[in-house]
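Listed here are the chains, written in short residue letters.
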Amino acid sequence: MVCKGCDVEVPKKRARYNAVFCSKACRHKADRKAWRDRNVGYSDVAKGTVGAMAELTVALDLMKRGYDVFRSLSPNASCDLAIVNARGFHRVEVKTSYRTKAGTIYSPRVRAGTHDILALVLDRREVVYRG
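Keep in mind the model is a prediction, meaning the values are calculated, not measured.

Undergrad: Let's hear about the pattern of salt bridges: which residues, and what values?
TA: For the structure shown, the criterion picks out four salt bridges. The salt bridge partner of aspartate 116 is arginine 91, with a shortest N-O separation of 3.6 Å. Of this pair, aspartate 116 sits in the loop between β4 (105-106) and β5 (117-122) while arginine 91 is found in strand β3 (residues 88-99), placing the two residues 25 residues apart along the sequence. The salt bridge involving lysine 95 is made with glutamate 93; its shortest N-O contact spans 3.9 Å. By relative accessible area, lysine 95 is classed as partly exposed at 22%. Judged by its relative accessible area of 11%, glutamate 93 falls in the buried class.

Undergrad: Can you tell me about the layout of surface pockets, naming the residues and giving the values?
TA: Counted as a void, the second largest pocket has a volume near 180 Å³. Considering the residues around the second largest pocket, the lining is formed by Lys4, Phe21, Arg27, Ala30, Asp31, Ala34, Thr100, Lys101 and Ala102. Class assignment of the residues belonging to the lining of the second largest pocket gives a composition of four nonpolar, one polar and four charged.

Undergrad: Kindly report on the pairing of β3, identifying the contributing residues and their values.
TA: Where strand β2 (residues 81-85) lies against β3, five bridges are found, and the strand directions are antiparallel. Bridging from a neighbouring strand, asparagine 85 pairs with glycine 88 of β3. If you look at the hairpin formed by β2 and β3, you'll find two residues sitting between the two strands. The pairing of β3 with β5 spans six bridges and is parallel. Directly across from glutamate 93, in β5, lies its bridge partner leucine 118. Where β3 meets β4, two bridges bridge the pair, whose relative direction is antiparallel. The partner of tyrosine 98 across the bridge, within β4, is tyrosine 106.

Undergrad: If you had to explain the side chain of glutamate 55 to someone new, which residues and values would you point to?
TA: Structurally, glutamate 55 is set in helix α3 (residues 47-64). Ignoring sequence-local partners within four residues, the contact set of glutamate 55 consists of Arg71, Asp80, Leu81 and Val94.

Undergrad: Tell me what's going on with the environment of threonine 49, and back it up with residues and numbers.
TA: Looking at the secondary structure, you find threonine 49 in helix α3. Overall, the relative accessible area of 39% leaves threonine 49 in the partly exposed class. Here the alpha-carbon distance between threonine 49 and leucine 60, two residues eleven residues apart in the chain, equals 16 Å.

Calculation rules
- Residues numbered from 1 in each chain as written.
- Predicted model: local features only at pLDDT ≥ 70, side-chain atom pairs only at ≥ 80, totals over all residues.
- Heavy atoms only, no water.
- Salt bridge = Lys/Arg side-chain N within 4 Å of Asp/Glu carboxyl O.
- Helix = DSSP H or I, 4+ residues; strand = E, 2+ residues; numbered from the N terminus.
- Buried < 20%, exposed > 50% of the residue type's maximum accessible area, 1.4 Å probe, protein only.
- 1 Å grid on protein atoms, 1.4 Å probe; cavity = no way out; pocket = protein on both sides within 12 Å on 5 of 7 lines; lining within 4 Å.
- Points joined across faces, edges and corners; volume = space filled by probe spheres on them.
- Nonpolar A, V, L, I, M, F, W, Y, C, P; charged D, E, K, R; others polar.
- Pairing = 2+ DSSP bridges.
- Contact = heavy atoms within 4.5 Å.

This is the structure we're talking about:
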């Protein structure tokens, strides 16, 4: 059997379990490519622009929820957004993410201590908050 991701032979040990990818890394790479293909326009847009679009999506969602939202002017700031409500001030880190076919959410690694809330933008419009 040939791997769906890289066209090499699937190892016999994996083939016994009807695996269609040669490794977990290859499956992960194929999931990311499928996500990009589903989200038309991401492949042709610069990474910085995609990040800015995600930040604006989260800012809009937070404003709809009644927060005062402040956006960083520097791309090297410690967080992407800051929000204020009656409970205080919170730092928000925004990451573009995707949901695998199994339903789990994949998101890039984030440095600990740089945010109070992690906002994951899925499929260019759904926002999931953690923290």
